[in-house]
Amino acid sequence: MPSYVPLWCKSNFSFLEGASHPDELVEEAHRLGMGSLALTDVDGVYGLVRAYVKARELGIQLIAGSEITLDDDSTILLLAQNAPGYANLCRLISTGRLRSPKGSSKVSLEDIGGCASGLIALWKGGQAVTPLKEAFGDRLYGVVARHRCAEETREEVLLKARARRHGIPLVGAVEVLYHTPARRPLQDVLTCIREKCTVSTAKRRIRANGEHFLKSPVLFEELFSDDPDLVFRTEEVAARCDFSLSELTYRYPSERLPDQTTSFEWLERLTFDGAKKRYRGSIPSAVVRQLKKELALIDELDYPGYFLTMWEIVRFCRENGILCQGRGSAANSAVCYCLGITAIDPVRMDLLFERFLSKERAEPPDIDLDIEHERREEVIQHVYEKYGRERAAMVAVVIRYRPKSAVRDVGKALGIRSRSCDRLARLLSRFDGAPDEKFEQAGIALDVPLHRHFARLSQEILDFPRHLSIHPGGFLLGHEPIANLVPIENGTMPGRTVIQWDKNDVEALGLFKVDLLGLGALTHLHLCFDLLKNHRGVELDMARIPPNDPATFEMICRAQTVGVFQIESRAQMAMLPRLKPRNFYDLVVEVSIVRPGPITGGMVHPYLRRRNGDEEVAYPHPTLEPVLKKTLGVPLFQEQVMKLAVVAADYTPGEADQLRRDMAAWRKVGKIERHRTKLISRMEKKGIAREFAKRVFEQIRGFGEYGFPESHAASFALISYATAWLRCHYPAEFVCGLLNAQPMGFYTPATIVEDAKRMEVEMRPVDVMTSGWDCIMEEREKGRFAVRMGLRFVKGVGLGDFERIVEERSKHDRGGFGSIFDLVHRTGLDVGVLLTLAEAGAFDGFGLSRRHAMWEIRGAVRERHDNMKLVRASKGPEFDPLGSFEIVGWDYISSGHSVRGHPLASLRPQLDAMGLLNARDLRTIKDGSRVRYAGMVICRQHPSTAGGVTFMTLEDETGFVNLVIWKDVFKKFEVIAKTAPFLGISGKIQAKEGVVHLIAEKFWVPGLNLTPETAGSRDFR
Amino acid sequence: MHRAGAMGKRVADRLACADLRIEVEQKETFDVDTAVILKRLSGFSPEVESAGEDGNAFWLNATGLERLYGSPGRWAEAILAALKEMSLSAAIVVGFTRFGTYALARSGQGVTILGSPEAEKEAVHRVPLARLGLLPSVRGGLVKLGKQTVGDLAGLRASDLLERFGPEAYRLCNLARGDAWDPLRPVTFEEPLSERLEWEQPVSNTMRLTFFAKGLLGLLVPRIARGSRALVALEIGLTLDHEDKFVERIKPVEPTLDEGQLIDLVRLRLESKRLPVGAVEMELTAFTVPKTTKQLVLFPKRPPRNAAAAQRALARIRAEFGPDAVVWARTKEGHLPEAQFVFETTPPLTDTFSTRVQCRLYDCQERQTGRPFVSQKPHRTLVRRIFSRPVPLQARPVCGPRGCHLLGMGHAPFTRIVGPYVVSGGWWVREVYREYHFAETERGKIVWVYFDKRRRRWFVHGEVS
C-alpha cells in the first residue's frame, strides 16, 4: 500500500493563495488514507488550530509548520519537531511580522539560524545552503517539488547537484493549494484578487496547471516513480516531528504581590472586602457560603490570577472615571459581583454559578467587560502597559468573504462589469449566501458560461479568510511571552499588536482571553450624567438612579423607547405593549424574550398568555416549580434549561453545562441528540410524563444557542432601565447624550432628532457662532433646555476645521464673528467645508439666506489671499428663497438630519390628496382595514427566525409605521422593497393588544413631483 | 465631432454656422471621421468650422446662401438630408450668434430657424445650463444658487462669476449676454498631390513602368518641396487594360524628398508584382507632412552599428515583399506556448537591437532545455522550433515492438518519451488541457508533441534540433 506525507500544504489562511479550508485538507488527507499532514501556511500558523481540531477528531498527525519568506523573497519550509521548535517557529514569524508592514513578513538567514533548534528545514534551493546546513545540520532536507511544469526540471537538476555536493538528503513534495482539483478555478480567482487583475489578463501570475491538489499516495508515487526515495523520505521527516498543539503549556500571569501574599489569598481578601461594601457591612450567610464555594473552585482550578486581572482593569476604569460593567455569564458569579466586575447580585437573583465556572468544564471562565466605547482605547493601552507587549496581545478577527464582498471580488477577477457586480451586491444580504436567483434578478443571465462560473465561485469563496483584523477587545495574556505560543504581528491601528488566532482558536486550546468590549450605551449614560451635573448640578450614577420608577415603566409600556438600550428595536417595541414591563425583572424578561431562542422554542406566546392570565400557570412536575416559577413555567433563560436538566433529569452541574454547549453546537453537528435519551429516560424515572419530557427536550433543542443567560439579560436590563429613566425624566440630556455617543444603537441621528421633537425637546440647528463639535444644551428658561446640534453632524467638517472655528471664535472681543467675510478670512477654512456649512444653514445667524451665504463665501475665499482688496460697492445679486421642502432637503444632504422639519411634512398636502394616511392616523385604524401609506424607510429586518418574513419600519413626520411583509409579497416586490428609500405601501392593518402593524400587500413608488431626501435605512438580520 | 473609435458608441454630432447656423446630431451608431463630415459640410458653405472643445459641433457661414437655396430653412433641410445619407442625425439651428446657435442646438432637435437676434436671445435664455457641458462642480454650484438656465446666468455679473466660479462660467456669462464674439475660423482642406500619365498602348514591362514613375516623381517632388513638405507615402495607381485598378503603396523610412530612394522602392515593389495585363494609365499620389529640420550635430558620435542603413534595408525588404514581410517576435507572459510570443511589425531600430535579440535567444535556449536533455549534456544547445499551428496526429498512437508510432507508421517509432508537462487553464472561456511530451525517435529526432485532453487527440507542436 503506497504511502507518503504531504509536507507542503497551504490552506486558505495563506491569504488569497490557498483555496481550501484547513479542515478540508485534513479531511481529504484522512480520506486518502494518510496518517500525517503538514500545514505550512505562508508566514503564519493562522489555520493551525482549525486543522488541529479536525486532525484530533480524525486521529491523524498534524505537523505544525510554515513557509517562511526571506529578505530576497525566496521561501523556506520549516516544520516543528517538538515544543521548543514550535516556540522557535512562532518567535521567528513574530520577528518577521513585527518588523515588516502589515500583511508581509521578511526574515534573514541569520534570523532563521537563531531559531533553528527543534525545527526541520525543507530547502527549495533558493538560498545559500552553507548557513542553513550549519544551522540545521541533519535536519535540513532539499525539497524536490513537482507540478508537471517543464520549467521545474532545470531547477530540480540544479537542486539535486547542490544537494549532492553538500550531502543534503532530498524529499519529494507537491505545493498543495487545494484539497481537490475542483478548487483550481477558485485558486486562480484568489490569485487574481491578490494580484488585482482578471483571469484573462493574469497571464503567468496564475499557475500553469491544476496540479496543486492534495495527491493520493498512488498519484504521488507515480509522480516520483523515477526516485522512490523522495517518497519514502516524506515519512522519515514526518516521523521526526512529534509535536502536537496539545503540548502547549500556558500559564495565566500571576499578580506580583510584594508581601508574599499568594494570588488566592489576595483574591479572597479583595472579595470579602468587596462583599462588605456591597452588603453594607453585613454579608448574608447565603452569600458567604456562595463566595466560599466559588473561591474554593477558583483556587482548585488555579484561576485567581484571571479574576485579579479583571478586578485590576475594573479598578483602573473606576479610578479614571470610565464606566464599565461585566456582562455575560460572569454575572452568575458572586465573586465577580463582590469584586465590582458585575452589577447583578447572583445570590439574590438565584443565578446558577455553574453556568460561569464548573469543574467538569476543562476550560477557563469567560469574563466580558463592557466599557464605554469612546474610552475603551485607554483601557487597552493600560493593559499593554501593565503586562508589556511580550505578554499581552490582542486576539485576531478573521475577515471572511461574505456575499457582497464575494460577488464584488470574484466578479472583478472574472472581468464582470463592476456595475453588474454592484447591482448584484445590493441585492444580497449577509446571511443568505449568493443564490442563483439573485444573479438573475441583477440581470446576470446564468445561461452564459462565464456567469455560471461567477455564481459558482461566489458561492465557493464564501467564508474564505480575506485578511486579518483585530478583535474589538479580546486580549490574550500570558505568564510567558505570547510569541512562544502563537506569532504576533502588527495591527493596522498604531500601537496594536495582534496574535494570529481568533477567539475560537483561543477557546479551542483552552487559553485565557480577556474581553474588553466597547458599549455605546455606557458612553451614552456617562455623557448624560455629565450633562446633568454640568447643567442642573444633579450628581447621578448607575447606582443612584431611583429603582422601580412607575413613570419610566409607563413610558416603556407605551413603547416610547427610541434610544433605550436593548429595547429600542422594532421587535422590542412591538413586544413592550404586550408584555407591559412593570418592574426590573420584567425588563430582564423583556430583554431576553425577544431573542431567537425563545421565539423558535415557541416560548413567547405561552409566556404572554400566562402573564396576561389567559392561560393557567402549570408545572409538569412539582420539582420544576422552583426552576420555572420566575418565568411562569416557561423556560426563557439558558440557566433555566440547565437547572431543568439538573432537577428533572439529575444532571450534574457539569453535565448541564455540557448540555448548554451542545445546545450551542447542535445545528452544526447534532450533538444535542445524544442528550435526548438521557434526558427523557431520567425524567421518566423521576415521574415526569414521557410526553412532557419530550416537549421539554424539544424546547431545549429549539432554544439552541440563541437564548440569553439570565445573568447577562439582567446586566443588560440594568443599563436599559438607566437609559429609560433618563429618557423619561431628562429627555434633553438623554437626546443630547445619545447624539453625542453616535454611532451606536438602532437609529440614525435623523430618527433620533425626529423622536426628540415628538418628546417636545427643542432641537436647534447647527450654528457656526454657537455650536460645539458635539451637541450642547442651551437654557431656554429656568430648568428647561434645548439641544443645539453639533458641527460633527455636518458632512465633510472635520474636528480640525471645528477647532479652527473655535479658536477664532474665542479670540474675538465681542465673541463670534462680525460677518461671513470675517469668518472666512480668520479661519482659513477650505471652501468646500464653508459651502457645506452654508448649505446646512450654519451661517443663518449672520442674517443671510443660505444662497447668499454661499455666494458671499465664494467671493470671500477668492479675496482671502488678496492683499489689495477692493471695497464692495454693490449688494449681491438676488436669489430665489428656499422653500420649506428645499430647506429640509438641504439639511438632510449636508448633515443627514433636520431640526427644522421632516422631509414629508411639506409633501403632506400632496400625500393627503393621494389619500395616503400618516403614521399617527394609521394607529387609530381598526384591525383588518385596508389602507395605503407612504413613508421613508428607516429600517429593514429579515430575521432568520421569522420564516422568511421581512419587517420594515417606515417613518413620517408623525411617527413610525411597522410593516410585516410575507415571504411571497417580498419576493414579488424585492427590488423596490430593498432599494427604494421612500416607499408607498398598500396593505391591511393588524391591530392587537395596542400593537399596530401594516401587513404589506403591494409596494409602489409614490408619484410625487418632488423626491424627499432621506438619511438611509439601517438594515439588520 | 467625435472620432468614433469603437463600434456601438453613440456619437452625437452638432453643427452650426456663424450667420446662418447649423447643428448636427448623429444618433446612429457607426464610425465616422470628423474630416469626412467637414468635407461633406463644405459642400454647403465655403466656410466651415469644427468646434475644437466640443467635437460634435460645427459652424457654417451661410451668408448669402439663402439666394442659392431659396430660404435658410431649405438650406438647413438640405444639410440635414445630406447628413442623414451619412447615417447621421442632427439638430440644426440657423441664427445670429455663435453661442446662441450652439446653446440651442445642444438643447433642441431637428431644424430651428431664428427670425431675429431678439428671438434668438429669448430662446437661448431658456436653455438649461445642464445642456451646455459645464464642469459638474461649476454647474452644481450655480444650481445650488438657483441659477438653472442661461438667462439666470446672464442676470449675474460676469466679473462676479469669474471670482467665484472661474473662467468657464465667466466666458459662458459673457457669451450669454452677447458680450463676447469670435469670428468664424474655417478649416482648410489639404489635398494629396498627384501626377498622371496615360498610354495608348498598354505597358506591362516593369522596367518601363519604373522609368515612367521616375518621370512623374520628377514632377511631384518639386511640387512637394515648394510647399515645405516631405513625402511619407507614395501611392502607385495603375489602370489596367480592361481590368480592375492596381494600387500599391510604399513608405520610405522617414519623410523624404530623395527621388533616388523613392524610385528604388517603386522599382522593388513593381518588380515583385506581376501584372495580369498591361497598364494604360499611371497615377502617383503623394501623401505629405510638413518638413522638419534637424539641428546638425557638430561632432556626431558614430554608433557601432548603422541603424539608418538597417532601416533602409528593411524598407527595401518591405517594398519587395510587402509591408508584413518584416516582423519582430515580442515575448508575452502566457502559459500556452503560442501565447508566449507575438509577431509584430518591427519597431524603429536602435543600436541595442541586436543585443536584445541575442538575449532573447539565450533565454529561449534556457527554457527549451528539458530535464533529461540538459542534465545529460549540459553544453549541448537545443533549439525548439515551434510550429505556427500545431499539426494534428492520428487519434490513437500505434505501438509496435520498436516503440510508439505517434507520427504514423511511415515514421520511425519513438523510443523515449519525457513528460507529461501539463498546461491547463482558460476554464472561464474555453478550457485547455494539454500534456506536452518530448519524444525521441530511434534515429535521434526529437519532436515536441502534446495530447489535447479536451479534443482527445495528439498534436505535434514543434521540433527540437
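As the structure is a prediction and not an experimental result, all values here were calculated from the model.

Attention now goes to the overall build of chain A. In terms of helices and strands, chain A carries 42 helices and 22 strands. In terms of overall size, chain A behaves like a compact globule, its C-alpha atoms giving a radius of gyration of 32 Å where 1021 residues would be expected to give roughly 31 Å. The C-alpha extent of chain A, read off along each of the three principal axes, is 90 × 85 × 70 Å. The buried share among the 1021 residues of chain A stands at 59%.

With 31 residues of chain B in contact, the opposing surface of chain A contributes 43 residues. Interface of chain B and chain A: buried area, both sides summed, is about 3400 Å²; carbon and sulfur atoms make up 56% of it. Seen at the junction of chain B and chain A, the total is two salt bridges. Between R204(A) and E333(B) there is a salt bridge whose closest N-O contact spans 3.9 Å. Between the two partners, chain B and chain A, sit 13 residue pairs in polar contact (both at pLDDT 80 or more).

Before going further, it helps to examine the layout of surface pockets. Residues and elements named next belong to chain A. Of the pockets and cavities examined, the second largest pocket occupies roughly 1800 Å³. Along the wall of the second largest pocket there are 49 residues; nearest its centre are R278, A343, D541, M542 and A543. At the level of elements, α10 (263–278), α12 (304–319), β7 (324–327), α13 (334–338), α20 (520–536), α23 (584–593) and α31 (710–729) are the ones that each hand at least two residues to the lining of the second largest pocket. Here the lining of the second largest pocket gets six residues from one element, more than from any other, and that element is α12. A per-class count over the lining of the second largest pocket returns 28 nonpolar, seven polar and 14 charged.

What follows is about the sheet that holds β7(A). Residues and elements named next belong to chain A. Sheet architecture is open: seven strands sit in the order β7-β8-β13-β10-β9-β12-β11, paired in mixed fashion. What marks the edges here is a single partner per strand, and that holds for β7 and β11 (488–490). Taken over all neighbouring pairs, the strand axes of this sheet differ in orientation by 45° on average, direction set aside. Taken together, the four bridges between β7 and strand β8 (residues 368–372) define a ladder with antiparallel strand orientation. Residue pairing in the sheet places G326 in a bridge with L369 of β8. Where α12 meets the sheet, it contacts β7, β8, β10 (465–477) and β13 (513–519), and its direction lies at approximately 30° from that of β13.

What follows covers the pairing of strand β12 (residues 497–502) of chain A. All names here are of chain A. Within β12, six of the six residues are buried, which leaves it mostly tucked inside the rest of the structure. Of the strand pairs in this sheet, strand β9 (residues 392–400) and β12 are connected by two bridges, and their pairing is parallel. Residue pairing in the sheet places M394 in a bridge with V498 of β12. Here β11 runs beside β12; their pairing, made up of three bridges, is antiparallel.

Next up on the list: the nonpolar core. Residue and element names in this part refer to chain A. Judged by nonpolar contacts, the single largest core of 138 residues is most densely connected at L726, M763, L837 and F843. The element contributing the most residues to this core is α31, with ten residues. Not counting the four nearest positions on each side in its chain, F843 is found in contact with V768, I820, L823, L834, L837, A838, L848, A853 and I857. If you look at the next biggest cluster of nonpolar residues, it comprises 126 residues, including L119, L170, F220 and Y387.

Residue and element names in this part refer to chain A. Reading across the sheet, the six strands line up as β1-β2-β3-β4-β5-β6 and stay open at both edges, with mixed pairing between neighbours. Strands with a single pairing partner mark the edges of an open sheet, and in this sheet they are β1 (36–42) and β6 (170–173). The average angle at which neighbouring strand axes cross in this sheet is 30°, direction not considered. Here β1 pairs with strand β2 (residues 61–69) via seven bridges, running parallel. Its bridge partner being in β2, T40 is matched across the sheet by G65.

A few words on the side chain of T191(A). By secondary structure assignment, the location of T191(A) is in helix α7 (residues 184–195). Leave out the neighbours within four places in its chain, and T191(A) touches L16(A), R205(A) and I206(A).

Structurally, the position occupied by R858(A) is in helix α37 (residues 850–863). Although R858(A) lies buried, it forms no salt bridge, and the closest oppositely charged side chain, E839(A), sits 9.0 Å away as judged by the N-O distance. With near-sequence residues (within four places) excluded, R858(A) lies in contact with L835(A), G141(B), E163(B), R164(B) and F165(B).

In this section: the environment of M936(A). Residues and elements named next belong to chain A. Considering the arrangement of structural elements, one finds M936 in strand β17 (residues 930–941). Put simply, M936 and R355 are 581 residues apart on the chain and 44 Å apart in space, counted from C-alpha to C-alpha. When residues no more than four places from it in sequence are discounted, the contact partners of M936 are Y892, H902, P903, L904, T953, L954, E955, P981, F982, E1013 and T1014.

For the rest of this paragraph, the subject is the packing of aromatic side chains. Enumeration according to the criterion identifies 35 aromatic pairs over all chains in this entry. Site record: aromatic cluster; members linked through ring pairs are Y303(A), Y306(A), F307(A), F353(A), F356(A) and F512(A). Sitting over the ring of Y651(A), K678(A) keeps its end group 5.0 Å from the ring centre. Directly above the ring of W448(B) sits R384(B), whose terminal nitrogen or CZ lies 4.2 Å from the centroid.

All names here are of chain B. This prediction gives chain B a mean pLDDT of 77; 77% of its residues lie at or above 70. The low-confidence segment residues 351–378 (pLDDT under 50) makes 37 contacts with residues lying over four places distant or belonging to another chain. Confidence metrics for the complex model read pTM 0.73 and ipTM 0.71.

All names here are of chain A. If you walk through the whole model with that rule in mind, you get three cavities of 30 Å³ or more. Among the residues making up the lining of the largest cavity, the classes are represented as five nonpolar, three polar and two charged. Here the second largest cavity defines a volume of roughly 40 Å³. Looking at the second largest cavity, the residues that line it are T748, A750, T751, Y892, M936, V937, I938, E955, T1014, A1015 and G1016. Of all the elements in the fold, those that place two or more residues in the lining of the second largest cavity are α33 (749–758) and β17. Broken down by element, the lining of the second largest cavity gets its largest block of residues, three residues, from β17. Across the lining of the second largest cavity, the residue classes break down as six nonpolar, four polar and one charged.

So, about the pairing of strand β4 (residues 119–123) of chain A. Residue and element names in this part refer to chain A. Most of β4 is tucked away, with five of its five residues classed as buried. Neither face of β4 is exposed, since L119, A121 and W123 on one face and I120 and L122 on the opposite face are all buried. Strand direction decides the pairing type here: strand β3 (residues 75–80) and β4, joined by four bridges, are antiparallel. Looking across to β4, one finds that L77 is bridged to L122.

P743(A) follows Q742(A) through a cis peptide bond whose omega is 5°. Relative to the elements of secondary structure, P743(A) occurs in the loop between α32 (731–740) and α33. Along the chain, G419(B) connects to P420(B) via a cis peptide bond; the corresponding omega equals 0°. As for its placement among the helices and strands, P420(B) is situated in strand β14 (residues 414–425). Phi is positive for D302(A), which is not a glycine, with a value near 60°. With relative accessibility at 60%, the residue D302(A) sits in the exposed group. Positive phi outside glycine occurs at D463(A), with the angle close to 75°. Secondary-structure assignment places D463(A) in the loop between α18 (449–460) and β10. Classification of D463(A) as partly exposed rests on a relative accessible area of 34%.

Attention shifts here to helix α29 (residues 673–685) of chain A. All names here are of chain A. With 13 residues, α29 extends 19 Å between its outermost C-alpha atoms, agreeing within 8% with the 18 Å of an ideal straight helix rising 1.5 Å per residue. Every buried residue belonging to α29 is among H675, L679, I680 and M683, and all of these are buried. Relative to the axis of α29, the buried residues are bounded by an arc of 120° and lie together on one face. Every exposed residue of α29 that faces more than 90 degrees away from the buried side is listed here: R674, T677 and K685. Where α29 terminates, the next one or two residues include G687, which has phi positive at roughly 95°.

Each value, and the rule that gives it
- Residues numbered from 1 in each chain as written.
- Chains lettered and ligands numbered in written order.
- Predicted model: local features only at pLDDT ≥ 70, side-chain atom pairs only at ≥ 80, totals over all residues.
- Heavy atoms only, no water.
- Helix = DSSP H or I, 4+ residues; strand = E, 2+ residues; numbered from the N terminus.
- Rg over C-alpha atoms; globule rule 2.2 N^0.38 Å.
- Buried < 20%, exposed > 50% of the residue type's maximum accessible area, 1.4 Å probe, protein only.
- Contact = heavy atoms within 4.5 Å.
- Buried area = accessible area lost by both parts, 1.4 Å probe.
- Salt bridge = Lys/Arg side-chain N within 4 Å of Asp/Glu carboxyl O.
- Polar contact = N/O pair within 3.5 Å; in protein donor to acceptor, adjacent residues only side chain to side chain.
- 1 Å grid on protein atoms, 1.4 Å probe; cavity = no way out; pocket = protein on both sides within 12 Å on 5 of 7 lines; lining within 4 Å.
- Points joined across faces, edges and corners; volume = space filled by probe spheres on them.
- Nonpolar A, V, L, I, M, F, W, Y, C, P; charged D, E, K, R; others polar.
- Pairing = 2+ DSSP bridges.
- Axes fitted to C-alpha atoms, helices over the stretch in contact; angles between N-to-C directions.
- Core = buried A, V, L, I, M, F, W, Y, C linked by side-chain atoms within 4.5 Å.
- Lys, Arg positive; Asp, Glu negative; His and termini not counted.
- Phe/Tyr/Trp six-rings, centres within 6.5 Å; stacked < 30°, edge-to-face > 60°.
- Lys NZ or Arg CZ within 6 Å of the ring centre and 35° of its normal.
- pLDDT = per-residue confidence, 0-100.
- Expected span 1.5 Å × (residues − 1).
- Arc of directions from axis to C-beta.

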